[in-house]
Amino acid sequence: MARCIIIAPLYQGEERELVTPEPGDLLICADAGYRAAKAYGLQPDLTIGDFDSLKGDVNEGEVIRLPVYKDDTDTVVCLREGRKRGYREFIVAGCLGGRFDHTLSCLQCAADCALRGETIWLCDAQNRVTVLAPGSYDLPRLPGRTLSLLAYTPEVRGVTLCGAQWELQNAELRSSYPLGCSNAWTQDIARLTFTEGLLVVCFSRDA
């Protein structure tokens, strides 16, 4: 499936294989993500932002200029524009770390994508993060990374996890307690199912 790849301002060249566009993909830069993308040899199709953090002109690809005073973050508008162009799979790179409110707002964007039936991964040098809606999923082992399952909604019910060091069977995870943090694979694929709530899935590694 073709992907909408969004480069955010904190991008530092990580996950190049994941964010390098393939035929049919759309590469959007969020504001100063344009400068970051160009620094690492990525060619933007579209740049969106109020350009409060980008000095100088954007001289490549399509540009959508936003007012500085607005309700939506640049990332929200980038996702909306990707949807308008038919994309349902998103990669957002350089959106974690930095200001905590920005990180949390991107996690909320991921939850919104999950509720829409879309696929999204947020990534930086240490993490790949998504939010999942109820269903069944295969989670492939990524060498050197831990696997964490954390409740986004107050309760996530019916959680079953196989192929991991700490398995779960019809468990309940709560947003008030990090029971699912720092698990490990015992097989190449960990199989996850759950029936209610929204679940944050993190593939993380130490710095």
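Going by the structure above, here's the rest.
In short, a report on the structure.

The subject of this paragraph is the overall build of the chain. Check the secondary structure of the chain and you find four helices and 13 strands. In summary, the chain has a C-alpha radius of gyration of 17 Å against a globular reference of 17 Å for 207 residues, a match within 12%. Dimensions of the chain, computed from the C-alpha atoms along their principal axes, are close to 55 × 35 × 30 Å. Considering the chain as a whole, with its 207 residues, one finds that 50% of them fall into the buried category. Contacts in the chain between residues at least 24 apart in sequence constitute 60% of all its contacts with a sequence separation of at least 6. Counting only carbon and sulfur atoms, one obtains 50% of the accessible surface of the chain, whose full area is about 10,500 Å².

Along the chain, Val-19 turns up in helix 1 (residues 16-19). Taking relative accessible area as the criterion, Val-19 reaches 0% and is therefore assigned buried. With 13 residues separating them in the primary sequence, Val-19 and Ile-6 have C-alpha atoms 8.4 Å apart. If sequence neighbours within four positions are ignored, Val-19 has contacts with Ile-5, Ile-7, Tyr-11, Glu-14, Leu-42, Ile-91, Ala-93 and Cys-123.

Right, let's talk about the packing of helix 3 (residues 74-84) against helix 4 (residues 100-115) for a bit. Packed helix pairs are specified by the crossing angle of their axes together with the interaxial distance, meaning the distance between the axes. Orientation of helix 3 relative to helix 4, taken along the N-to-C sense of each, is 25°, at an axis distance of 10 Å. Accordingly, the angle class assigned to the pair helix 3 and helix 4 is roughly parallel. Crossing geometry of helix 3 relative to helix 4 is assigned as right-handed. Side by side, helix 3 and helix 4 meet where Thr-75, Val-76, Leu-79 and Arg-83 of the first sit next to Cys-106, Cys-109, Asp-112 and Cys-113 of the second. Considered class by class, the residues forming the contact of helix 3 with helix 4 number five nonpolar, one polar and two charged.

Quick notes on the rules
- Residues numbered from 1 in each chain as written.
- Predicted model: local features only at pLDDT ≥ 70, side-chain atom pairs only at ≥ 80, totals over all residues.
- Heavy atoms only, no water.
- Helix = DSSP H or I, 4+ residues; strand = E, 2+ residues; numbered from the N terminus.
- Rg over C-alpha atoms; globule rule 2.2 N^0.38 Å.
- Buried < 20%, exposed > 50% of the residue type's maximum accessible area, 1.4 Å probe, protein only.
- Contact = heavy atoms within 4.5 Å.
- Areas by Shrake-Rupley, 256 points an atom, 1.4 Å probe, with all protein chains shown as cover.
- Axes fitted to C-alpha atoms, helices over the stretch in contact; angles between N-to-C directions.
- Parallel < 35°, antiparallel > 145°, perpendicular 65-115°, else oblique.
- Left-handed = near helix turned anticlockwise from the far one by under 90°.
- Nonpolar A, V, L, I, M, F, W, Y, C, P; charged D, E, K, R; others polar.

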